[in-house]
Amino acid sequence: MAKKKIKNILVTGSVGQIGSELTMALREKYGAGNVVAAGNRSKPSDALKNSGPFEWADVTDIMQIVDVVRRYKIDTIVNMSALLSAVGEKNPQLCWDVNINGLINTLEVARIFELNQVLCPSSIAVWGDGAPLENTPQETVLKPKTMYGVTKVAGELLCDYYVRRYGVDARGLRYPGIISAETLPGGGTTDYAVWIYYKAVEENKYQCFVREDTRLPMMYMPDCLKATIDLMEADFKKLKHHGDFNLGAMSFSAGQLAANIKKHIPEFTATYVPDDRQKIADSWPSSVDDSAARKEWGWNPSYDLDAMTKDMLAKLQKRFKKGKLYG
Ligand code: AKB
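The model shown is predicted, which means the values in this text are computed figures rather than measured ones. (Residues numbered from 1 in each chain as written. Predicted model: local features only at pLDDT ≥ 70, side-chain atom pairs only at ≥ 80, totals over all residues. Heavy atoms only, no water.)

1. A look at the overall build of the protein
- Scanning the protein for helices and strands turns up 12 helices and 14 strands.
- Relative to the 2.2 N^0.38 estimate, which gives 20 Å for 327 residues, the radius of gyration of the protein is 19 Å and therefore close to what a compact globule would have.
- Overall, the protein is about 55 × 45 × 35 Å in size when its C-alpha atoms are taken along their principal axes.
- The buried share among the 327 residues of the protein stands at 56%.
- For the protein, contacts bridging at least 24 residues in sequence account for 78% of all contacts bridging at least 6.
- Roughly 14,100 Å² of accessible area belongs to the protein as shown, and the carbon and sulfur atoms make up 51% of that amount. (Helix = DSSP H or I, 4+ residues; strand = E, 2+ residues; numbered from the N terminus. Rg over C-alpha atoms; globule rule 2.2 N^0.38 Å. Buried < 20%, exposed > 50% of the residue type's maximum accessible area, 1.4 Å probe, protein only. Contact = heavy atoms within 4.5 Å. Areas by Shrake-Rupley, 256 points an atom, 1.4 Å probe, with all protein chains shown as cover.)

Here it is in structure tokens:
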């Protein structure tokens, strides 16, 4: 098992909602020049492109990863490339290709080049039929209903396989819905919990695509960054789990979220017109038991709904006043 320190990091999928902010946080911590951001299709922001190295690389083509790993002497890969749940249902084959062939390519590169670590996020999408939906335990039935969920279960198993079979240090955590003010999410079921803030600031109203009583686990981006970096830095020897840590912070219904925003913007109104994504949301838990993460690497979230809403609205209102809500 490789035990060297994290020095040169490659973040694939760096242009996405989490990848973009994670890259900046890693650059802050490990030095801008030591964190390579890779993207495939979407244009990187100026901040991402100008603050450190940026490369175009497609995770489904192993040679493109090998090339970046060699040129930058990469020792750690954070594989954020993924098609999310809603967009994955529109193109299940592409979802499999990116999420699974992309992951196995990064694990293979880690094995062949003896990298220090691969981190690949999983999701609350791993659950479906048969799992308790309140305080979902770490170990329970994994029968997802979406292709995204299928790839996340398979991805967790692949990570665990590479740990056992090849001694690759592979880690992952089951992200809840992530809420952030910098990069918009692309194609997930929990996206409504981000859009509602943007639309509250922009138009004082939002038409939500899930029912008012839909309650899902959520997390504010600063906690997501903390969790990811804390797991990357955890002592591998102390981990009993590897690719599949439950991760919790807060749970609220769409109606509770709207009411929380209304405390700050009294004229805000939300309406609820469920679409196909409702079925996906209904198959996911309302809350998760993350005691393994707390015990094995000290996970402890900082933000609750009130603190998140205050911060989100302050950031978005500031940008809106400058005419730059969407960057
Ligand atoms: C999605 O909604 O697909 C993602 C997730 C919960 O993994 N945000």
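2. Some thoughts on the nonpolar core
- Leu-26, Ile-179, Tyr-192, Tyr-197 and Trp-297 are the most contacted members of the largest nonpolar core, which totals 101 residues.
- Here the element with the most residues in this core is helix α7 (residues 192-203); it accounts for 8 residues.
- The residues that make up this core include at least three from each of domain 1 (9-176 + 219-246) and domain 2 (178-218 + 250-288 + 302-321).
- If near-sequence neighbours (up to four positions away) are discounted, Ile-179 is found in contact with Gln-17, Ala-193, Val-194, Tyr-197, Met-218, Met-219, Tyr-220, Met-221, Phe-252, Met-308 and Met-312. (Core = buried A, V, L, I, M, F, W, Y, C linked by side-chain atoms within 4.5 Å. Domains from an automatic or database assignment.)

3. Examining the site of the ligand
- Every residue lining the ligand is accounted for by Leu-84, Ser-85, Ser-123, Ile-124, Tyr-148, Gly-188, Thr-189, Thr-190 and Trp-284.
- A distance of 2.5 Å is found between an oxygen atom of the ligand and a side-chain nitrogen or oxygen belonging to Ser-85.
- Here an oxygen atom of the ligand sits 2.7 Å away from a polar atom, N or O, in the side chain of Ser-123.
- Here the ligand has 260 Å² of accessible area as a free molecule, and 93% of this is covered by the chains.
- In terms of residue class, the shell around the ligand is built from 4 nonpolar, 5 polar and no charged.
- Three or more residues apiece are contributed to the shell around the ligand by two domains, here domain 1 (9-176 + 219-246) and domain 2 (178-218 + 250-288 + 302-321). (Near = heavy atom within 4 Å. Polar contact = N/O pair within 3.5 Å; in protein donor to acceptor, adjacent residues only side chain to side chain. Nonpolar A, V, L, I, M, F, W, Y, C, P; charged D, E, K, R; others polar.)

4. Some details on the packing of helix α5 (residues 92-112) against helix α6 (residues 147-166)
- With their axes 9 Å apart at the nearest point, α5 and α6 run at an angle of 15° to one another. Taken together, the axis directions place α5 and α6 in an arrangement best described as roughly parallel. The handedness of the crossing between α5 and α6 is right-handed. Facing α5, whose interface residues are Pro-92, Cys-95, Trp-96, Asn-99, Ile-100, Leu-103, Ile-104, Leu-107, Glu-108 and Arg-111, α6 presents Met-147, Tyr-148, Val-150, Thr-151, Ala-154, Gly-155, Leu-158, Cys-159, Tyr-162 and Tyr-166.
- Classifying every residue of the contact of α5 with α6 gives 15 nonpolar, 3 polar and 2 charged. (Axes fitted to C-alpha atoms, helices over the stretch in contact; angles between N-to-C directions. Parallel < 35°, antiparallel > 145°, perpendicular 65-115°, else oblique. Left-handed = near helix turned anticlockwise from the far one by under 90°.)

5. Some points on the domain arrangement of the protein
- According to the domain assignment, the protein consists of domain 1 (9-176 + 219-246) and domain 2 (178-218 + 250-288 + 302-321).
- Placing a centre on the C-alpha atoms of domain 1 and another on those of domain 2 gives a separation of 24 Å.
- For the pair domain 1 and domain 2, the two sides together bury roughly 2,500 Å², of which 59% comes from carbon and sulfur.
- Counting the contacts that link domain 1 with domain 2 gives 1 salt bridge.
- Linking Arg-215 and Glu-134 is a salt bridge whose minimum nitrogen-to-oxygen distance equals 2.8 Å.
- Remark: the boundary between domain 1 and domain 2 carries 17 residue pairs in polar contact (both at pLDDT 80 or more).
- Elements represented by at least two residues in the side of domain 1 that touches domain 2 include exactly α1 (17-30), α4 (85-90), β11 (215-220) and α8 (221-233).
- The leading source of residues in the side of domain 1 that touches domain 2 is α8, at 5 residues. (Buried area = accessible area lost by both parts, 1.4 Å probe. Salt bridge = Lys/Arg side-chain N within 4 Å of Asp/Glu carboxyl O.)

6. What to know about the sheet that holds strand β12 (residues 245-246)
- The 3 strands lie next to each other as β6-β8-β12, forming an open sheet whose pairing is parallel. Of all the strands in the sheet, the pair left with one neighbour each is β6 (122-123) and β12.
- Judged from the 2 bridges that link them, β6 and strand β8 (residues 173-175) form a sheet pairing that is parallel. Bridge pairing links Ser-122 to Arg-174 in β8.
- The strands that α8 touches are β8 and β12; relative to β8, the one it contacts most, it runs at about 170°. (Pairing = 2+ DSSP bridges.)

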